[in-house]
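A structural walkthrough
Single-letter residue listing:
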Amino acid sequence: MTNRKNKIKVLCLILGGGKGSRLFPLTKERSKPAVSFGGKYRIVDLPLSNCINSGYNKIYLLTQFNSASLHLHISNSYNFDRFSLGFVEILAAEQTLEHSGWYEGTADSVRKSLCHCREQHPTHYIILSGDQLYKMDLRDFFNEHLRSEADISIATTAVTKTETSGFGIMKTDAENQIHEFLEKPAKDLDITDWKIPERTRGILPPEKEYLASMGIYIFNAPALDKMLDNNFKDFGKEVIPHALNKMKVHAYIFDGYWEDIGTIKSFYDANIMLTKSDPDFDFFDEDNPIYTHMRNLPPSKINGATISQSITSEGCILSDCTIKNSVIGLRSIIEDGASLDGVVMMGADFYEMRDEREKNCEKKRPNIGIGRNCHIERTIIDKNARVGNNVKINVSGNTYKNGDHGSFYSEDGIIVIRKGAIIPDGTII
């Protein structure tokens, strides 16, 4: 967004993330931001929509690992008209005369992309993560940054003492200026004097006494240039602690829902949360929609199914089945007698035509989707999976160690059926 009078130009940088090993196997063939979410979206749609809804439509997405599907999604989904001057463009890791290696961290990825960013002549950068679930009016964040006259601002969320070990924790004064930063403090470390000052607490829940970094930053352009004139690789571990002694760093307190979708459990829980009558995160907001790829799919066809507390996406065919507390993705096919409870089904990238289904029958291979009389609970089913008839998943009482088990993966009691997996008739997992 450009303010001609004050010559303010904001450029948004969304970090595409690393290997996403904690979200494996969903990240085996795609980056974290490209993972399907909420039935019809990708995780990256969330930060992109926050930028666009806030009026910031000059956006670079920095990518590196398994980025092909992410690039395709961006090119198919985010196209601005020529009069808006807005864009969403990919800045992939590249070799140049100055550097020949991969991105080595959040700060390193931005440093290696600055040569392209400077062409936009930004006065400020908003740096966001590509794999978080939240809605934020970034204008409020930016306006507070300007009012504080800070060089750097960090979006923060309040957490309890037991949660502090998973975050970068900040010590602030009564004006929300940050004076100390501690990355993931040990659980037994005494940080009592790091509590949020009473003057700045507002309506925060009393049990949330500490400020944690959300990994969302605003930098004045000169400040970013100065803070990256080194070999620091990571914002949280290196750049921000170093900046505290040299610049004014401000904390912006965000009191809305925010979730870092970094593990199988957090991903599963965030999806299932959407099925509640009054979820913490709501897609049903006409003023702040979540944008994604516009598909010309037919409406879903319901052939006698019983559905409760669930989300169904476009293009599904749901026969005489029972679906509870589940998220059903695009083009999902669920046959007669199937029962799903607590299932995140990502759907399919395509439909199988009649001749393809006949070939499946000849090869004794299940069709894409879920077959007849299946019983599935607490499971993530990745795209294009083939689940045969009379299959039982996560209802047999079997327990599995966390890790890879061939056609499926287990993590914290959640079963993940891999993308394109074939689960034969009668299988019990």
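Above this note sits the structure.
Now for a look at the structure at hand. (Residues numbered from 1 in each chain as written. Predicted model: local features only at pLDDT ≥ 70, side-chain atom pairs only at ≥ 80, totals over all residues. Heavy atoms only, no water.)

**Remarks on the pairing of strand β13 (residues 249-253)**
Look at any regular strand and the pattern is simple: side chains alternate between the two faces of the sheet. Where burial is concerned, most of β13 is hidden: five out of the five residues are buried. With burial as the criterion, each face of β13 is covered, one bearing V249, A251 and I253 and the other bearing H250 and Y252. Pairing of strand β9 (residues 152-159) with β13 involves five bridges; the strand directions are parallel. When the bridges of β13 are listed, I154 appears paired with A251. (Buried < 20%, exposed > 50% of the residue type's maximum accessible area, 1.4 Å probe, protein only. Helix = DSSP H or I, 4+ residues; strand = E, 2+ residues; numbered from the N terminus. Pairing = 2+ DSSP bridges.)

**Examining helix α7 (residues 235-243)**
Listed as buried for α7 are F235, G236, V239, I240 and A243. One face of α7 carries all of its buried residues, which in axial projection span an arc of 105°. Capping of α7 at its N-terminal end is provided by D234; its side-chain oxygen lies 3.0 Å from the backbone amide nitrogen of G236. (Arc of directions from axis to C-beta. Polar contact = N/O pair within 3.5 Å; in protein donor to acceptor, adjacent residues only side chain to side chain.)

**Things to note about the nonpolar core**
V110, I127, F219 and F235 are the most contacted members of the largest nonpolar core, which totals 38 residues. Among all residues touching V110, those that are not within four sequence positions of it are L13, L15, L62, I127, L224, L228 and F235. Membership of the second largest hydrophobic core comes to 29 residues, among which are Y56, V88, A155 and F254. (Core = buried A, V, L, I, M, F, W, Y, C linked by side-chain atoms within 4.5 Å. Contact = heavy atoms within 4.5 Å.)

**A look at the environment of N373**
When you line up the elements, N373 lands in the loop between β23 (369-370) and β24 (375-381). In contact with N373, other than residues within four places in its own chain, are D336, G337, A338, N390 and V391.

**With respect to unusual backbone geometry**
Here F24 and P25 are connected by a cis peptide whose omega angle stands at 10°. Turning to its location among the elements, P25 is positioned in the loop between β2 (8-15) and β3 (36-37). Even without being a glycine, R331 presents a positive backbone phi close to 60°. Examined against the element boundaries, R331 turns out to sit in the loop between β20 (327-328) and β21 (333-334). Despite not being glycine, N373 shows a phi value in the positive range, around 60°.

**Topic: the pairing of strand β11 (residues 178-183)**
Sheet analysis places strand β10 (residues 168-172) next to β11, joined by five bridges and oriented antiparallel. Counterpart to T172 in the pairing with β11 is I178. Turn length for the β10-β11 hairpin, with the two strands adjacent in sequence and antiparallel, is five residues, and the turn residue N176 shows positive phi of about 65°.

**A word on a negative patch on the surface**
Taken together, the side chains of D355, E356, E358 and E362 present a region of like negative charge at the surface. Position of E356 among the secondary structure elements: in helix α9 (residues 354-362). (Patch = residues over 30% accessible without salt bridge, like charges linked within 9 Å, V, L, I, M, F, W, Y side chains within 5 Å. Areas by Shrake-Rupley, 256 points an atom, 1.4 Å probe, with all protein chains shown as cover. Salt bridge = Lys/Arg side-chain N within 4 Å of Asp/Glu carboxyl O. Lys, Arg positive; Asp, Glu negative; His and termini not counted. Charge placed at Lys NZ, Arg CZ, Asp CG, Glu CD.)

**Some words on the side chain of R42**
If you trace the backbone, R42 turns up in strand β4 (residues 41-42). Beyond its immediate chain neighbours, meaning those up to four positions away, R42 contacts P33, A34, V35, S36, F37, S69, H73, T292 and K383.

**Some details on the pattern of salt bridges**
Counted according to the given criterion, the structure contains 17 salt bridges. We note a salt bridge from E180 to K171, for which the minimum N-O separation is 3.5 Å. Between D404 and R418 there is a salt bridge, with the nearest N and O atoms lying 2.6 Å from each other. Note that D404 is positioned in strand β27 (residues 403-404) and R418 in the loop between β29 (414-417) and β30 (422-423), a separation of 14 residues in sequence. The class for D404 is partly exposed, based on a relative accessible area of 49%. According to the relative accessible area criterion, R418 is buried, its value standing at 14%. Salt bridges here are not isolated pairs; linked through shared partners, they connect D108, R111 and K112.

**Overview of the packing of aromatic side chains**
Each aromatic ring pair is specified by the distance between its two centres and by the angle formed by the two planes. For the coordinates displayed, the defined rule picks out 14 aromatic pairs. Taking the centre distance of 6.2 Å and the plane angle of 65° together, the rings of F37 and F267 count as edge-to-face. Placement of the pair is F37 in strand β3 and F267 in helix α8 (residues 264-273), with a sequence separation of 230 residues. Aromatic pair Y257 and F281: ring centres 6.5 Å apart, planes at 55°, arrangement tilted. Taken as a pair, Y257 in the loop between β13 and β14 (258-260) and F281 in the loop between α8 and β15 (301-302) lie far apart in primary sequence, 24 residues in all. The class for Y257 is partly exposed, based on a relative accessible area of 23%. Through a chain of ring-to-ring contacts, the aromatic side chains of F37, Y41, Y257, F267, F281 and F283 assemble into a single cluster. The residue whose ring lies beneath K135 is F281, and the NZ or CZ to ring-centre distance is 5.5 Å. The ring centre of Y351 lies 6.0 Å from the NZ or CZ of R331, which sits over that ring. (Phe/Tyr/Trp six-rings, centres within 6.5 Å; stacked < 30°, edge-to-face > 60°. Lys NZ or Arg CZ within 6 Å of the ring centre and 35° of its normal.)

**Structural notes on helix α2 (residues 68-77)**
Residues three or four positions apart in an α-helix share a direction because the helix packs 3.6 residues into each turn. Residues of α2 that are buried include every one of L70, H73, I74 and S77, and no others. Relative to the axis of α2, the buried residues are bounded by an arc of 95° and lie together on one face. Set apart from the buried face of α2 by more than 90 degrees, the exposed residues are A68 and L72. In this structure, the buried side of α2 is in contact with β4, α1 (45-53), β5 (58-63) and β6 (87-92).

Scope: geometric values only; no functional claims are made or implied.
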